[in-house]
Amino acid sequence: MTPYDDEKAARALLVRTARSLFTRGLTHCSTGNLSVRLAGGSLLLTPTGSSLGTVEEAELSLTDLTGRHLDGPRPTKEAFLHAAFYRARPSAHAVVHLHSTHATAVSCLDGVDPANALPPLTAYYAMRVGTLPLLPYHAPGDSSLEPLAERTARGHHAILLANHGPVIADATLEKAADAIEELEETAKLHPLLQGHATRPLTPEQAAALAPNPS
Ligand SMILES: O=C(O)[C@@H](O)C(=O)COP(=O)(O)O
Ligand SMILES: [Zn+2]
């Protein structure tokens, strides 16, 4: 089952979501990229170099499940990463990557636990994001990250790219956008609590709320 069997509607949703994320300050300039998996298996992605604030429905790119360009303008340079998530997570139909400020700040901190970059401070974070592995620094578009990204995505729908930003896959674009926004909110709380005795959710409390696999 795919939520995106109507390509025209998927194009409209992708552009609407991109605008919403951009206008609410969740990414800036020409950073970030979005995609959905269409019925038939091809991927509809934002093109490279575009701003999520101004990208148009007719400017979207199509690739196959390996990230190979099929049609439209050249896809985001992270097409390989989006494709890796879709291969790893058959129930995922959307991927969002942003340079949201606070999550990106966490990706630049020294001493972050690479297995889980942020603690489950709130129930909503545990529900929407779960654990957040930090992948080692690679330059944007460096496809040598692909095997590690695909392996990690088999067990996690959210990852943080070191010195770069978050990537989240989910069953729908609405869910992926919600989850990445929730991640940004927890990344804001995290420094506010530094120096304060803090009680994150216990592992059992967090596990009870963990997101369904998608
Ligand atoms: O950080 C980067 O350069 C990319 O990951 C990015 O966010 C925007 O690149 P394109 O999607 O190729 O425009
Ligand atoms: Zn980026």
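Treat the numbers as computed from the prediction; the structure is a model and nothing was measured.

**Focus: the overall build of the chain**
And step 1. The secondary structure content of the chain amounts to 7 helices and 8 strands.
And step 2. Relative to the compact-globule value of 17 Å for 214 residues, the chain shows a C-alpha radius of gyration of 16 Å, a close match.
And step 3. Based on the C-alpha atoms only, the size of the chain along its principal axes is roughly 55 × 35 × 30 Å.
And step 4. A buried classification covers 42% of the 214 residues belonging to the chain.
And step 5. Long-range contacts, defined as pairs at least 24 residues apart, comprise 66% of the intrachain contacts of the chain with a sequence gap of at least 6.

**Things to note about the confidence of the model for the chain**
Close reading of the predicted structure is inappropriate where its pLDDT is low.
And step 1. Summarising the model, the chain shows a mean pLDDT of 97, and 100% of its residues fall at 70 or more.
And step 2. At the level of chain-chain contacts, confidence expressed as ipTM amounts to 0.99, with global pTM at 0.98.

**A look at the nonpolar core**
When a protein is soluble and globular, its nonpolar side chains tend to lie buried together.
And step 1. Core analysis: the largest hydrophobic core is formed by 58 residues, its most contacted members being Leu14, Val96, Ile168 and Ala176.
And step 2. Apart from the residues lying within four places of it in its own chain, the contact partners of Ala176 are Ala94, Val95, Val96, Ile168, Ala169 and Asp170.

**Observations concerning the site of ligand 1**
And step 1. As a matter of local geometry, ligand 1 sits amid 13 residues, with Asn33, Thr48, Thr76, Lys77 and Pro140 nearest to it.
And step 2. Of the residues contributing to the shell around ligand 1, the split by class is 1 nonpolar, 10 polar and 2 charged.

**Overview of the packing of helix α2 (residues 79-88) against helix α5 (residues 146-155)**
And step 1. Here α2 crosses α5 at 35°, and the two axes come no closer than 8 Å. The two elements α2 and α5 meet at a crossing, and its hand is right-handed. When α2 is examined against α5, the residues Phe80, Leu81, Ala84, Phe85, Arg87 and Ala88 are found in contact with a partner set consisting of Glu146, Ala149, Glu150, Ala153 and Arg154.
And step 2. Of the residues contributing to the contact of α2 with α5, the split by class is 7 nonpolar, no polar and 4 charged.

**Regarding the pairing of strand β1 (residues 33-37)**
And step 1. Most of β1 sits inside the fold, with 5 of its 5 residues counted as buried.
And step 2. On β1, burial covers both faces: Asn33, Ser35 and Arg37 on one face and Leu34 and Val36 on the other are all buried.
And step 3. Relative to strand β5 (residues 94-97), β1 runs antiparallel, the two sharing 4 bridges. Across the sheet, Ser35 pairs through a bridge with Val95, a residue of β5.
And step 4. The hairpin formed by β1 and strand β2 (residues 43-45) contains 5 residues between the paired strands, and Gly40 there has a positive phi angle of roughly 100°.

**Points about helix α6 (residues 173-192)**
And step 1. Relative to the 28 Å expected for 20 residues at 1.5 Å per residue, α6 spans 29 Å between its end C-alpha atoms, a close match to the ideal helical length.
And step 2. Turning to α6, its buried residues are Leu173, Lys175, Ala176, Ala177, Ala179, Ile180, Leu183, Glu184, Thr186 and Ala187.

**A closer look at unusual backbone geometry**
And step 1. Despite not being glycine, Cys29 shows a phi value in the positive range, around 45°.
And step 2. Counting through the fold element by element, Cys29 comes out in the loop between α1 (7-23) and β1.

Parameters at a glance
Each chain carries its own residue numbering, running from 1 in the direction its sequence is written. To label them, take the chains in the order written and letter them from A, then take the ligands in the order written and number them from 1. In keeping with the predicted nature of the model, local features appear solely for residues at pLDDT of at least 70, side-chain atom pairs appear and are counted solely at 80 or more, and the whole-chain, interface and lining totals rest on all residues. Helix and strand definitions follow DSSP, with helices as H or I runs of at least four residues and strands as E runs of at least two, each counted in order from the N terminus. The size measure is the radius of gyration over C-alpha atoms, and the globule rule it meets is 2.2 Å times the number of residues to the 0.38 power. A residue is called partly exposed when the number of other C-beta atoms within 10 Å of its own lies between 12 and 20, exposed at 12 or fewer, and buried at 20 or more, with C-beta atoms placed from the backbone. We call two residues in contact whenever the C-beta atoms placed from their backbones are within 7 Å. Per residue, pLDDT measures the predictor's confidence, with a range of 0 to 100. Put simply, a nonpolar core is buried Ala, Val, Leu, Ile, Met, Phe, Trp, Tyr and Cys residues tied into one set by C-beta atoms within 7 Å. We call a residue near a molecule or strand when its C-beta atom, built from the backbone, sits within 6 Å of it. Polar here means any residue other than Ala, Val, Leu, Ile, Met, Phe, Trp, Tyr, Cys and Pro, which are nonpolar, and Asp, Glu, Lys and Arg, which are charged; Gly is therefore polar. To get an axis, fit a line to the C-alpha atoms, keeping to the stretch in contact for a helix; angles then go from 0 to 180 degrees between the N-to-C directions. Note: crossing handedness is left-handed where the near helix turns anticlockwise from the far helix by less than a right angle, and right-handed where it turns clockwise. Whether two strands pair depends on DSSP finding at least two bridges between them. Every helix has an expected span of 1.5 Å times one less than the residues it contains.

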